[in-house]
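Results of the structural survey
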2 protein chains.
Amino acid sequence: MQKIGKSERLIFITSTLVQNPMKLFSLTFFCDKLSCAKSTLSEDIDLISQIFEQTGQGRLETVSGAAGGVYYIPTMKKEDEIEFLNFLKNELQNPERIVSGGFVYINDIVFNPEVIKKAARIFVRLFLEKEIDYIATVEAKGIALASYVAQYFNKPLVVARNSSKFTEGSTVNISYISGTTGKIETMTMAKKAIKKGARVLFIDDFMRGGGTVRGMKDLLSEFESSLVGVGVLIATKDKKSVDVDYKSLLVLEELNAENKKITFSINHQVIS
Amino acid sequence: MQKIGKSERLIFITSTLVQNPMKLFSLTFFCDKLSCAKSTLSEDIDLISQIFEQTGQGRLETVSGAAGGVYYIPTMKKEDEIEFLNFLKNELQNPERIVSGGFVYINDIVFNPEVIKKAARIFVRLFLEKEIDYIATVEAKGIALASYVAQYFNKPLVVARNSSKFTEGSTVNISYISGTTGKIETMTMAKKAIKKGARVLFIDDFMRGGGTVRGMKDLLSEFESSLVGVGVLIATKDKKSVDVDYKSLLVLEELNAENKKITFSINHQVIS
């Protein structure tokens, strides 16, 4: 940059932090790039932090000490979360989403960047304290959502497959009973996918009885790793036999294919 | 916001644009939010645009007229693209990636947010002029990459499945010969997934003979929609019988399982 004044610094710092969620940048990095003193930089960061909090665009966290710096946490204002969840609820309650067999068509939702970006921000807030090493999901409908959560946590995404793929080398396989199909399914993951002792957050689009979650937990135990949280977009009201901290954003209250009636509620636990 | 000076405006505008790639914001939107005159705002936007170009953080495009405004295009500097492609090439050339059967393990790469974010930015530059309505991919390994491309283009992602899922309502199915497996495979997409007359960009992780691309093209023709471009991370040197504009970032030059040798090259067409 040619002449670097306050304006130039603010633009560069804002853009760098926002484009790299959860990535720690040392103050030295910015001082070198922007040829400024640390005290000047600290003032800039305070100002950016204030504006973010006021406008609900996430927040900045500063870490002091030699290994310290600043990073961006992508969250939303509570009122924006509620507005988003209401939008999602109304969008899903469209009776045309009922497909034969009594299922709900949600493909457009789970692959819509605008929707899943916001859902991912809520999961960031919900699981921020969990010290997560990996985000995991099961193919295929949860992958896009999980990849945003992974981006926002700045952690790798691992995807369990429904059957062993020959392009993945040796794999670990487990069987589980899917609540959606009622059948025994296989979940498989490459041996190289996860390091020992990892803490994993499982993200998925839909949760019925929790069979998939139990499958994932078993699979992770084969990697000597643990499931520390579960975030799903929608859960049914079925009893979940799951002993992990799980959060669903919405609850499917009623699906009546005959009367063409489908009702969701916001899970108030996640916004209170 | 309490007092809104130039600093506050720059932070808010930068963050809003960067967090919403390709989304057009009217000048009126910012003027209202920030209580400022359009002339002031235009100066702010010019300054942000300059800093972005200088630091390689993408660029701003302004649209004049009543329906006009400004939006952010997430691209990289050419030298950053080259640095990234060299990093990717070296990462992939690790002989430990060779798995039995003569395949390459790339799961960690295709689901690593840091990697696919940058690849997606290159695809934005490559296909910016194509007036794309949808991003399409085939489950499962390309989904995360495709979802970033979709985010950066601000367009919906559609995912073709390997078999009909009963939760998707009526589907359109076609058969094609996969170059990877050499077998006849099925590709299926929900009837609701794509509107008539759409222009679609296909994104995938790996391309051999182009069988999947031809499959996607056939599938899209059932929706009276057209495939206007294909972007893949890696292509082999096999002859591609594909009549669509396709770009691969890297080329697999040699894979010799016996000698544990694996070589990639950067596709210089995409960076020249």
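As the structure is a prediction and not an experimental result, all values here were calculated from the model. (Residues numbered from 1 in each chain as written. Chains lettered and ligands numbered in written order. Predicted model: local features only at pLDDT ≥ 70, side-chain atom pairs only at ≥ 80, totals over all residues. Heavy atoms only, no water.)

**Focus: the nonpolar core**
For clarity, the cut-off: Here, the term nonpolar core denotes a set of buried Ala, Val, Leu, Ile, Met, Phe, Trp, Tyr and Cys residues that are joined through side-chain atoms within 4.5 Å. Buried means the residue's accessible area, taken with a 1.4 Å probe over protein chains only, is under 20% of the maximum for its type, while exposed means over 50%, and partly exposed covers the values in between. For this analysis, residues touch if any pair of their heavy atoms sits within 4.5 Å.
Counting 102 residues, the largest nonpolar core has I135 of chain A together with I135 of chain B as its most contacted members. Among all residues touching I135 of chain B, those that are not within four sequence positions of it are A146, V149, A150, F153, P156, L157, V158, L201 and I203 of chain B. If you look at the next biggest cluster of nonpolar residues, it comprises 40 residues, including C31 and L34 of chain A together with L41 and L47 of chain B.

**Regarding the pattern of salt bridges**
Residues and elements named next belong to chain A. Threshold: Salt bridge, as used here, is a side-chain nitrogen of Lys or Arg placed within 4 Å of a carboxyl oxygen of Asp or Glu. The helix count covers DSSP runs of H or I at least four residues long, the strand count covers runs of E at least two residues long, and both are numbered beginning at the N terminus.
Counting across every chain of the model gives 24 salt bridges over all chains. For R125, the salt bridge goes to E81, with nearest N and O atoms at 2.7 Å. Here R125, found in helix α6 (residues 113–127), pairs with E81, found in helix α4 (residues 78–92); they are 44 residues apart in sequence, far enough to count as distant. We classify E81 as buried; its relative accessible area is 2%. Here K247 makes a salt bridge to D245, at a shortest N to O gap of 3.4 Å. K247 sits in the partly exposed class, given a relative accessible area of 23%. Bridged by salt links that share partners, the residues E91, R97 and D108 form one connected network.

**A look at the sheet that holds strand β12 (residues 261–266) of chain A**
All names here are of chain A. Under the convention used in this document: Two strands form a pair only when DSSP identifies at least two bridges running between them. As a rule, the C-alpha atoms of each element are fitted with a line to give its axis, helices using only the stretch in contact, and angles between N-to-C directions run from 0 to 180 degrees.
If you walk across this open sheet you meet the 6 strands as β6-β5-β9-β10-β11-β12, and the pairing is mixed. Both edges of this open sheet fall to β6 (157–160) and β12, since each of them pairs with a single strand only. Adjacent strand axes in the sheet meet at a mean angle of 25°, parallel and antiparallel pairs treated alike.

**A few points about helix α3 (residues 38–55) of chain A**
What counts is decided by this rule: In this scheme, a helix's expected span is set at 1.5 Å multiplied by one less than its residue total.
With 18 residues, α3 of chain A should reach 26 Å at 1.5 Å per residue; the first-to-last C-alpha distance of 26 Å fits that figure. Turning to α3 of chain A, its buried residues are L41, D44, I45, L47, I48, S49, I51, F52 and T55 of chain A. Contacts made by the buried residues of α3 of chain A are with α1 (6–19), α2 (27–34), β1 (59–63) and β2 (69–73) of chain A together with α1 (6–18) of chain B. Directly after α3 of chain A, the chain includes G56 of chain A, whose backbone phi takes a positive value near 70°.

**So, the pairing of strand β5 (residues 134–138) of chain B**
Residues and elements named next belong to chain B. Heads up, the rule is: Orient the strands so they point away from the viewer; a crossover is then right-handed if the path from the first strand over the helix to the second runs clockwise.
For β5, a buried count of 5 out of 5 residues is recorded, marking the element as mostly surrounded by other parts of the structure. The side-chain alternation of β5 yields two buried faces, one formed by Y134, A136 and V138 and the other by I135 and T137. The pairing of β5 with strand β9 (residues 199–207) spans 3 bridges and is parallel. Its bridge partner lying in β9, A136 is registered against F202. With helix α7 (residues 143–153) bridging β5 and the parallel strand β6 (residues 157–160), this β-α-β connection has right-handed handedness.

**Focus on the interface of chain B and chain A**
We count it as follows: Simply put, the buried area is the total loss of 1.4 Å probe accessible area from both parts when two parts are fitted together. Under this definition, polar contacts are N or O atom pairs within 3.5 Å; protein pairs additionally need one hydrogen-donor-capable and one acceptor-capable atom, and for neighbouring residues in sequence, both atoms have to be side-chain atoms. Classification convention: Asp, Glu, Lys, Arg as charged; Ala, Val, Leu, Ile, Met, Phe, Trp, Tyr, Cys, Pro as nonpolar; all other residues, Gly among them, as polar.
Taken together, the contact between chain B and chain A spans 61 residues of the former and 61 residues of the latter. In total, about 5,100 Å² of surface goes out of reach between chain B and chain A, with carbon and sulfur atoms giving 59% of it. Its largest share of buried area at the contact with chain A, chain B owes to I11, Q19 and Y105 of chain B, together 12% of the area lost on that side. Connecting chain B to chain A are 19 residue pairs in polar contact (both at pLDDT 80 or more). If one sorts the elements of the side of chain B that touches chain A by residue count, α1 of chain B sits on top with 10 residues. Across the side of chain B that touches chain A, the residue classes tally to 28 nonpolar, 19 polar and 14 charged.

**Some remarks on the side chain of Q19 of chain B**
Positionally, Q19 of chain B belongs in the loop between α1 and α2 (27–34). Classification of Q19 of chain B as buried rests on a relative accessible area of 13%. A distance of 2.9 Å separates the side chain of Q19 of chain B from the side chain of Y72 of chain A, its partner in a polar contact. For Q19 of chain B, the contacting residues outside a window of four places in its chain are V18, Q57, Y72, K117 and R121 of chain A.

**Regarding the relation of the copies chain B and chain A**
Condition: Alignment of the copies relies on least squares applied to C-alpha atoms, considering only residues that score at least 70 for pLDDT in both.
Structural alignment of chain B on chain A gives an RMSD of 0.0 Å, achieved by rotating through 180° and translating 0.0 Å along the axis. The relationship between the two copies is best expressed as a two-fold rotation axis. The share of interface residues of chain B whose copies in chain A are also at the interface is 100%, consistent with both copies meeting through the same surface.

**A closer look at the sheet that holds strand β10 (residues 226–236) of chain B**
Residue and element names in this part refer to chain B. Taken in spatial order, the 6 strands of this open sheet run β6-β5-β9-β10-β11-β12, and their pairing is mixed. Each edge of the open sheet is held by one strand with a lone partner, namely β6 and β12 (261–266). Recorded for the sheet is a direction-independent mean angle of 25° between the axes of neighbouring strands. As defined by bridge partners, β5 adjoins β6 across 4 bridges and the pair is classed as parallel. Bridge pairing in β6 links V138 to A160.

**Considering the side chain of N267 of chain A**
Residue and element names in this part refer to chain A. Mapped onto the fold, N267 is located in the segment after β12. A distance of 2.7 Å separates a polar side-chain atom of N267 from the backbone oxygen of S248. Beyond its immediate sequence surroundings of up to four residues, N267 is in contact with S248, L249, L250 and V251.

**A short note on the domain arrangement of chain A**
Residue and element names in this part refer to chain A. Cut-off, in case you're wondering: Here the bounds of each domain stem from an automatic or database domain assignment.
Under the domain assignment, chain A is made up of domain 1 (6–73) and domain 2 (78–270). Computed from C-alpha atoms alone, the centre-to-centre distance between domain 1 and domain 2 is 33 Å. On the side of domain 2, 8 residues touch domain 1, which itself brings 8 residues to the contact. Three residues stand out in domain 1 for area buried against domain 2, namely P21, M22 and I73, and they jointly supply 66% of the buried area on that side. Applying the counting criterion to the domain 1 and domain 2 interface returns 0 salt bridges. Seen at the junction of domain 1 and domain 2, the total is 1 residue pair in polar contact (both at pLDDT 80 or more). Here the side of domain 1 that touches domain 2 is built from residues that sort into 4 nonpolar, 2 polar and 2 charged.

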